[in-house]
Amino acid sequence: MNQAVRAPIDVLRQVFGFPDFRANQEEVCRAAISGRDVLLVMPTGAGKSLCYQLPALARGGTALVVSPLIALMEDQSSKLAALGLRVGRIHSGLDREASRAVCRDYLDGNLQFFFLAPERLRVPGFVEMLAKRKPNLIAIDEAHCISGWGHDFRPDYRLLGESLQALRPAPVIALTATATPVVQDDILNQLHLKNAARFIHGFRRKNLAIEAVEVSKPRRAQLARELLTREERRPAIVYAPTRKEAEETARVLGEAFPAAAYHAGLDPETRERIQRHFIEGAVQVVVATIAFGMGIDKADVRTVIHIALPAALEGYYQEIGRAGRDGKPSRTILMHSYADRRTHDFFYQRDYPELDILDRIVKSLKAEPRPADEVRDALKMDAEVFGKALDKLAAHGGAVIDFEGNVTRGNTTWRAPYSAQSSNRQAQVEKMMRFTEGARCRMAALIEHFGDEEDSGRLCGICDFCAPEQAIAQVFRPLTDLEQRTVMDVIRTLRGTRGSSVGKLHKQLFPREQMDRDEFETLLVSLARGGYATMEEATFETDGRTIPYRKVGLTSEGEELTETPPELLLPDASGTETQDRSRKPARSAKKSSSGKAAAPSSAAPADDETPFSPAEAEREKRLRAWRSGEAKKHGFPAFRIFGDKTLRAIVLERPRTMDDLLQISGIGPEKASRFGTEICSICTEG
Ligand code: ADP
Ligand code: MG
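Heads up: these notes are all about the structure in this document. (Residues numbered from 1 in each chain as written. Chains lettered and ligands numbered in written order. Predicted model: local features only at pLDDT ≥ 70, side-chain atom pairs only at ≥ 80, totals over all residues. Heavy atoms only, no water.)

1. As for the sheet that holds strand E8 (residues 208-214)
Line of reasoning, step 1. Read across the sheet, six strands follow the order E8-E13-E12-E9-E11-E10 without closing on themselves; strand pairing throughout is parallel. Lying at the two open borders of the sheet, with one neighbouring strand each, are E8 and strand E10 (259-262). For this sheet, the mean angle separating the axes of adjacent strands, direction not counted, is 15°.
Line of reasoning, step 2. Pairing between E10 and strand E11 (residues 285-288): four bridges, direction parallel. Bridge pairing links Ala-261 to Val-287 in E11. (Pairing = 2+ DSSP bridges. Helix = DSSP H or I, 4+ residues; strand = E, 2+ residues; numbered from the N terminus. Axes fitted to C-alpha atoms, helices over the stretch in contact; angles between N-to-C directions.)

This is how it looks when you write it as structure tokens:
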């Protein structure tokens, strides 16, 4: 047994065989080694496990590790065992004898790591057994499961708060990839950690270009297929809300490229096979329900598509985070429409039964334990409704379920926390909806949501807010005259004020609803996208309730706008035409006058940097001049003819016939027939 504290870097190299720490690992390890409680929030794949494993070894003795899933536990314990470490684990998949042997090993001090499922803590005497030999460190993996505010609440995690007291003074390391500031506070409260060091890091992903697009449900599978037809956009993961939709979408995609559905309804061998084929490349697109992706290590996923609105930003961020682990440019597309809200309302009503249903159950509970089924039969309640309601009661202490599944009456204070959790659930969907409206940089919005305090908050430069002309799922169009006039009305009304609520402004400008509120809001978003306005979520209090609303105000650029309307872009309802894009992502072609950051250079492929030869430079000049003349003639922005990426491709390929021209990505038949003759003649000239 190694009792002396070892230097972190030595443990890293000697035990784990890694040459260096990754970002933030060393400082987290140091805090834990010194005995401090730690809350660590870093995205999946960042290397959180090392942050409890290394300190555990450096401190010597046994570390307890609580983990919510057998699969995660098995994965981690076998990895540690492979490093030659002594590891024990105990979960429902093991028989009694094996469990007993592990406990003996623990008490004899033979283990370096002891993995537990949280429901073990419910077994009478178990915590007392653990306390006979105090651990040197306690790690709580997926710690967001303890919080009713989080997206993956596990009632058994609540037992930890109590149990930990008996196992202290070991430092507690709580780890999670998805905790908003509210959830972070809740984790620390539930675990009674008053003085923990918080490390919240690494949420910015520089290579993810995020898009959200309104698409009616029936069109989504087809659009996903169109988008993924380009080979360079695969491998891809498509997230579907139900098994049926996963199957159906996989069928549609499978007509164009190798695709498979993946969901919890498939048998384990099939799932394992699909996963393997995906990793090896035989399956290029997996259409999955949320069961897919945990523990999957595939670095080159180029595209993640959601064909339904996720229930919360936490899960959404984790899922899009599976794109581009190799650091190369990747794109994520969220398809949504108002119909998604109705689906979520349905789930909400199913999962959060009315208070009177919970009350009926509570009234029927006694001090003596009774089997849950007996309680249900007596109440003549539908099994699903009863199950959901009892879960909620157990989570908030209104009912107590023992290890055998018997129920007794619990506390009388469950109502308030249940109501809070229930309204939080609704607020999460609300936030998700807000996110789709896209009044600001997508990445900046997500980072702010997660509370990464060290992040600069700068614009990503590549999402559909920052670089609409690069979006693939949505074509943007210039404004109509009416829209232009409305924009100028908005600017005049807001000029010199400190902003206004969107609803009030809409009523003021369109007292008779001449323009629909949604349409109006989309216009405001376009102003924000152009850098002339900001939109923020605000709240006001009335009758003790907090009402959210949206506020719009001008930026200094907006204040300075005189009578010339700005050049803005709106999502084109008729167009999700996907052929109109060149093959390679390039730097933003957008003017930088709006003060926005340019796309990070890491997102631009090297050949974009190659300078033109003199002949090419000459050709480029002529093509540009022709393009801007043409744009003026038709009264639309130059990129509508073709973007800079396509321009560059034309310069380099020098097409001289229609056939040549059609080979260039970004030029479809329509453009070729409209502008082809002229482009080819410019290229023939030199
Ligand atoms: P998380 O729990 O944050 O999702 P993991 O702890 O599972 O991430 O780590 C992800 C991967 O990174 C693992 O394969 C792990 O071995 C590897 N890893 C962790 N730290 C380092 C390091 N310092 N150097 C190289 N690889 C590392
Ligand atoms: Mg992990």
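2. Focus: the pattern of salt bridges
For side chains bearing opposite charge, pairing can occur when the charged atoms are close.
Line of reasoning, step 1. Evaluated as defined, the whole model comprises 38 salt bridges.
Line of reasoning, step 2. The closest approach of N and O atoms between Asp-75 and Lys-79, which form a salt bridge, is 3.5 Å. Highlighted residues: Asp-75 and Lys-79, both in helix H4 (residues 70-82), separated by four residues, approximately one helical turn.
Line of reasoning, step 3. Judged by relative accessible area, which is 53%, Lys-79 ranks as exposed.
Line of reasoning, step 4. Salt bridges linked by common partners bring Arg-434, Glu-437, Arg-517, Glu-521, Glu-537 and Arg-550 together as one network. (Salt bridge = Lys/Arg side-chain N within 4 Å of Asp/Glu carboxyl O. Buried < 20%, exposed > 50% of the residue type's maximum accessible area, 1.4 Å probe, protein only.)

3. A short note on the packing of aromatic side chains
Line of reasoning, step 1. Applying the stated criterion across every chain, the model contains 14 aromatic pairs.
Line of reasoning, step 2. Pairing Tyr-52 with Phe-113 gives two aromatic rings, centres 6.4 Å apart and planes at 75°, and the pair type is edge-to-face. One end of the pair, Tyr-52, is in helix H3 (residues 50-59); the other, Phe-113, is in strand E4 (residues 113-116), and 61 residues separate them in sequence.
Line of reasoning, step 3. Residue classification places Tyr-52 among the buried positions, given a relative accessible area of 0%.
Line of reasoning, step 4. Exposure remark for Phe-113: the relative accessible area of 0% places this residue in the buried category.
Line of reasoning, step 5. Ring centres of Phe-203 and Phe-450 lie 5.0 Å apart, and the angle between their planes is 5°; on these two criteria the pair is classed as stacked. Taken together, the residues span a long stretch of sequence, with Phe-203 in the loop between strand E7 (197-200) and E8 and Phe-450 in helix H18 (residues 442-450) at a distance of 247 residues.
Line of reasoning, step 6. With relative accessibility at 0%, the residue Phe-203 sits in the buried group.
Line of reasoning, step 7. One aromatic cluster is present, built from ring pairs that chain together Phe-203, Tyr-317 and Phe-450.
Line of reasoning, step 8. Above the face of the Phe-278 ring, Lys-298 is positioned so that its terminal group lies 5.2 Å from the ring centre.
Line of reasoning, step 9. In this arrangement the basic side chain of Arg-442 is found over the ring face of Phe-435, its NZ or CZ atom lying 5.5 Å from the centre. (Phe/Tyr/Trp six-rings, centres within 6.5 Å; stacked < 30°, edge-to-face > 60°. Lys NZ or Arg CZ within 6 Å of the ring centre and 35° of its normal.)

4. Section: the site of ligand 1
Line of reasoning, step 1. Near ligand 1, the surroundings consist of Phe-18, Asp-20, Phe-21, Arg-22, Gln-25, Pro-43, Thr-44, Gly-45, Ala-46, Gly-47, Lys-48 and Ser-49.
Line of reasoning, step 2. In this structure, Gln-25 approaches ligand 1 through a side-chain N or O atom, which is 2.9 Å from a nitrogen atom.
Line of reasoning, step 3. Protein chains bury 72% of the 570 Å² of accessible surface belonging to ligand 1 in isolation.
Line of reasoning, step 4. For the shell around ligand 1, the residue count by class is four nonpolar, five polar and three charged. (Near = heavy atom within 4 Å. Polar contact = N/O pair within 3.5 Å; in protein donor to acceptor, adjacent residues only side chain to side chain. Areas by Shrake-Rupley, 256 points an atom, 1.4 Å probe, with all protein chains shown as cover. Nonpolar A, V, L, I, M, F, W, Y, C, P; charged D, E, K, R; others polar.)

What is shown is where atoms sit, not what they do.
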